[in-house]
Amino acid sequence: MDDDARAAAAPRARVLASFGCTGEPEPLAGGRGTAWRCGDLVLKPLDGPPDALAWAERVLGGGARRSDEVRWTAPVRSVGGHLAVDGWTAWTRVEGRHEPRRWAEAIRAGEAFAAALAGSPRPAFLDARSDPWAVADRAAWGECDVPGADDVPEIRALRAALRPVDLPAQVVHGDLTGNVLLAAGSPPAVIDPSVYWRPVGYGSAVVVVDALAFEGGTVDLLRAPRVRGELPQLLLRAALFRLLTDHLTGAPPSARAPWGPVVAMLCRLARP
């Protein structure tokens, strides 16, 4: 996005005033390029069901849950008591920055985040989600079909290697790779909660798959997640999740270029 387009996409004065922001908002790098820092808040467009925002406020906000191992961000209401204003939301800002290739720290942060949320009921808003990521997640776990997905050889190979997974499900963050911030002297911080109802190791498996497919990770990273026995099956589903998302969003074939060797390795790992 060029500077003019980015400026046009900035939150307007009404939004800033509604959340009590003073001064000019500053664009933040990373993600989809739509987040803005304004003082102690991060403003970003509402990109999910309103119920998800209400859930995040209830579960992540208010200091009801705390952890010495991980920090996280939570929604903030406007001065008028609203969680969204003109399609914009505000979140607490946490110190830190994303550092590439710090996959082990991202995995540990996700595991600590899941531990802090253990016992939370299954969020009702998950059933209403119909975005490509939610559909890809369901399809990766055999809960729905995606037309045309089996035309992709890598997806066929991964599905053929699937076996049942006997692990309890709970709230997990399913997109940790670019959403963990590190700051000296503080625990890692988890941002942009992508909530799924899956085994704890699933979030870790997504980080491993991202590292292997896109960021030059090696098989040594397989030792990082705490889950062991079911890890190969979780890795298969994590790879399916990413490939199915590409399929649903119409990603060009070039986006699948690194998948061949990764899929072959994951299928070998999953053999009985």
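In what follows, the structure referred to is the one given above.
All of these numbers come straight from a predicted model, not from anything done at the bench. Within any chain, residue numbers begin from 1 and follow the written order of that chain's sequence. Per-residue local features are limited, in this predicted model, to residues with pLDDT of at least 70; the limit for side-chain atom pairs, both in listing and counting, is 80 or more; totals at the level of whole chains, interfaces and linings are taken over all residues. As a convention, hydrogens and water are excluded, and side-chain values are obtained from all of the structure's heavy atoms.

Focus on the sheet that holds strand 9 (residues 180-181)
We count it as follows: Any two strands between which DSSP finds at least two bridges are classified as paired. Under the DSSP-based scheme used, a helix requires at least four consecutive residues in state H or I and a strand at least two consecutive residues in state E, with every element numbered from the N terminus.
Overall, mixed pairing links the three strands, which are arranged 4-10-9 in an open sheet. Unpaired on one side and paired on the other, strand 4 (71-72) and strand 9 mark the two borders of the sheet. Relative to strand 10 (residues 189-190), strand 4 is paired through two bridges, and the arrangement is parallel. Paired with Arg-71 across the strands is Ala-189, a residue of strand 10.

Details of the packing of aromatic side chains
Spelled out, the test is: Any pair of Phe, Tyr and Trp rings, taking the six-membered ring for Trp, is counted once the centres come within 6.5 Å. Such a pair is stacked with planes under 30 degrees apart, edge-to-face with planes over 60 apart, and tilted for the rest. Each residue's exposure class comes from its accessible area (1.4 Å probe, protein chains only) as a fraction of the maximum for that residue type: buried when under 20%, exposed when over 50%, partly exposed otherwise. For a lysine, the NZ atom is tested; for an arginine, the CZ atom; a charge sits over a ring if that atom is within 6 Å of the ring centre and within 35 degrees of the ring normal.
Applying the stated rule across the entire model yields six aromatic pairs. Between Trp-72 and Phe-113, the aromatic rings sit 5.8 Å apart at their centres with planes inclined by 80 degrees, giving edge-to-face as the arrangement. Placement of Trp-72 in strand 4 and of Phe-113 in helix 4 (residues 103-117) is noted, with a sequence separation of 41 residues between them. Accessibility assignment for this pair places Trp-72 and Phe-113 in one class, buried. When the ring of Trp-141 is compared with that of Tyr-202, the centres are 5.4 Å apart and the planes differ by 80 degrees; the resulting orientation is edge-to-face. With a gap of 61 residues between them, Trp-141 in the loop between helix 5 (132-140) and helix 6 (153-160) and Tyr-202 in helix 7 (residues 200-214) connect regions that are remote in the sequence. One aromatic cluster is present, built from ring pairs that chain together Trp-141, Tyr-196, Tyr-202 and Phe-241. Against the face of Trp-141 rests Arg-237, its NZ or CZ located 5.0 Å from the ring centre.

As for the layout of surface pockets
How we decide: Note on definitions: the grid is 1 Å and covers protein atoms alone; a cavity is a set of points where a 1.4 Å probe fits but cannot get out; a pocket is an open set with protein on both sides within 12 Å along at least five of seven lines; lining residues have an atom within 4 Å of a point. Grid points are joined across faces, edges and corners, and a volume is the space filled by probe spheres set on the points. Under the convention adopted here, Pro, Cys and the residues Ala, Val, Leu, Ile, Met, Phe, Trp and Tyr are nonpolar, Asp, Glu, Lys and Arg are charged, and Gly plus all remaining residues are polar.
In this structure, the second largest pocket encloses a volume near 240 Å³. Looking at the second largest pocket, it is lined by 13 residues, and the ones nearest its centre are Leu-60, Arg-65, Arg-66, Arg-71 and Trp-72. Grouping the amino acids of the lining of the second largest pocket by side-chain chemistry returns four nonpolar, six polar and three charged.

With respect to the pattern of salt bridges
What counts, and what does not: Think of a salt bridge as a Lys or Arg side-chain nitrogen and an Asp or Glu carboxyl oxygen that are within 4 Å of each other.
Counting across every chain of the model gives 18 salt bridges. Residue Glu-95 is joined to Arg-93 by a salt bridge in which the shortest nitrogen-to-oxygen separation is 3.1 Å. The class for Glu-95 is partly exposed, based on a relative accessible area of 47%. Through salt bridges that share partners, Arg-97, Glu-99, Arg-102 and Glu-105 make up one connected network.

Some words on the state of the cysteines
Condition: A pair of cysteine sulfur atoms is labelled a disulfide when the two atoms are within 2.5 Å.
Under the definition given, this model contains zero disulfides. In this structure Cys-144 is a free cysteine whose sulfur lies 20 Å from that of Cys-267, the closest cysteine sulfur available.

A closer look at the environment of Val-146
Quick reminder of the rule: Every residue pair with non-hydrogen atoms within 4.5 Å of one another is taken to be in contact.
Inspection of the secondary structure assignment puts Val-146 in the loop between helix 5 and helix 6. With relative accessibility at 7%, the residue Val-146 sits in the buried group. Spatially, the C-alpha atoms of Val-146 and Ala-136 are 7.9 Å apart, while their sequence positions differ by 10 residues. When residues no more than four places from it in sequence are discounted, the contact partners of Val-146 are Val-135, Ala-139, Leu-244, His-247 and Leu-248.

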